[in-house]
Amino acid sequence: DAHRLALQLPREKEPGAGVRAHPDHIYDFVIANLKVAMLDSAKKHGEQLQEMRNRQKEAIEEVRNLQTRALGARAQTEKHQAARKRIEAQMKKTFTDIASEQAKMEAYRRETKARLRELEIEHDSLMARLQRSQTDQGADFQGLGLSSDVDMESSVRTGEVPNDLVPTGQIERREARWKGARTTVEIISFASMSPRASMTGSKSRASS
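Presented here is an overview of the structure given in this document.

Quick notes on the rules
- Position numbers for residues start from 1 in each chain and track the written sequence from start to end.
- pLDDT decides what is reported in this predicted model: residues at 70 or higher carry local features, side-chain atom pairs at 80 or more are listed and counted, and totals for whole chains, interfaces and linings draw on all residues regardless.
- The side-chain figures draw on all heavy atoms in the structure; neither hydrogens nor water molecules are used.
- Numbering goes from the N terminus for both helices and strands, where a helix is a DSSP run of H or I of at least four residues and a strand is a run of E of at least two.
- Residue burial is assigned from relative accessible area. The probe radius is 1.4 Å, only protein chains are included, and a residue is buried under 20% of its type maximum, exposed over 50%, and partly exposed in between.
- Working definition of accessibility: Shrake-Rupley area with a 1.4 Å probe, residue cover restricted to the visible protein chains.
- For the purposes of this section, nonpolar cores are sets of buried Ala, Val, Leu, Ile, Met, Phe, Trp, Tyr and Cys residues that join through side-chain atoms within 4.5 Å.
- A pair of strands is considered paired only if DSSP assigns at least 2 bridges between the two.
- Any Lys or Arg side-chain nitrogen found within 4 Å of a carboxyl oxygen on Asp or Glu counts as a salt bridge.

This paragraph deals with the overall build of the chain. When you go through the chain residue by residue, the secondary structure sums to 1 helix and 4 strands. In the chain, the succession of α and β elements from N to C terminus is α-β-β-β-β. Classification of the 208 residues of the chain by burial places 8% in the buried group. For the chain, the exposed area adds up to about 18300 Å²; of that, 54% sits on carbon and sulfur atoms.

Right, let's talk about the nonpolar core for a bit. Counting 5 residues, the largest nonpolar core is built from Val150, Ala176, Trp178, Val185 and Ile187. Residue assignment for this core shows that the elements contributing at least two residues are β2 (170-178) and β3 (181-188).

Turning to the pairing of β3, a few remarks are in order. The element β3 is largely enclosed, with a buried count of 6 among its 8 residues. Bridge count for β2 against β3 is 7 bridges, and the pairing is antiparallel. Within the sheet, the bridge partner assigned to arginine 177 lies in β3 and is arginine 182. Between β2 and β3, which pair antiparallel one after the other, the connecting turn spans 2 residues, and lysine 179 there sits at a positive phi close to 55°.

Bridging between strand β1 (residues 150-162) and β2 involves 8 bridges; their strand directions are antiparallel. Among the inter-strand pairings, proline 162 is bridged to a residue of β2, identified as glutamine 170.

Our focus in this paragraph is the pattern of salt bridges. In total, this model carries 13 salt bridges according to the counting rule given. As a salt-bridge pair, glutamate 78 and arginine 74 come within 3.4 Å of each other at their nearest N and O atoms. Here the residue glutamate 78 and the residue arginine 74 both occupy positions in helix α1 (residues 23-140), the gap between them amounting to 4 residues, near one helical turn. Exposure remark for arginine 74: the relative accessible area of 56% places this residue in the exposed category. For the salt bridge of arginine 157 with glutamate 172, the shortest nitrogen-to-oxygen distance reads 3.6 Å. Residue arginine 157 is found in strand β1, and its partner glutamate 172 is found in strand β2; the two are separated by 15 residues along the sequence.

Here you go:
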C-alpha cells in the first residue's frame, strides 16, 4: 500500500552452487519492483480519493436537499402563521363588531323603553285632560234648554264674542224668547253644518 512497501529479493544460491547475482541486477530488480509498488499504491490512492470525492458530493447533495426541504417547511410555517394571524385579526374584529352592535342594541332598547314610558305618561296625561274636559263640558251644558224651545224667528242679534276654541273664532249672541221669557242665545257656526244654538240662564237677561 502507500505506507508500506515490501520487496522480496531473490535468494542467493547456496554456497558452492554457482555464481552469485550481480549487485547491478539486484538494484534494477529493486527499482522495478519499487516502481510497480508505487504505481499500485498511487492507483489505490486515486481510487480512494475518488471514492471520498463521490461521498463528499453525495453529502453535499444531501445537505442541499435538506436545506431545500427546510426552506419549504419554513415557507409553509410562515404561510400558516400569516393565515393564523389573519384569522385571529378577523375573529377579533368580528367580536368587536358584535360587542359594538350589542351595545347599540342595548342603548336603543333603553331609549325605546324610555320613549315608551314618556308616551305612556303623555297618554295618561291626555286621557286625564280629556276626562276633565268632558267633565267640564258636562258641567257647562247642565241646565241648558233645548234649541227647539227657543223662538229664533223673532230673535235679535246683539253682538259677537271672540273665542279661539270655536271653528269660526267667534260666538254670535242673540236675544230670543224661551217659553215666553227673554233669554240670551249663543250660536256657534260650523263651516259645513247648520248653526248650533245653546242657551245660557233663561231670565238673567229678561227685560220688562
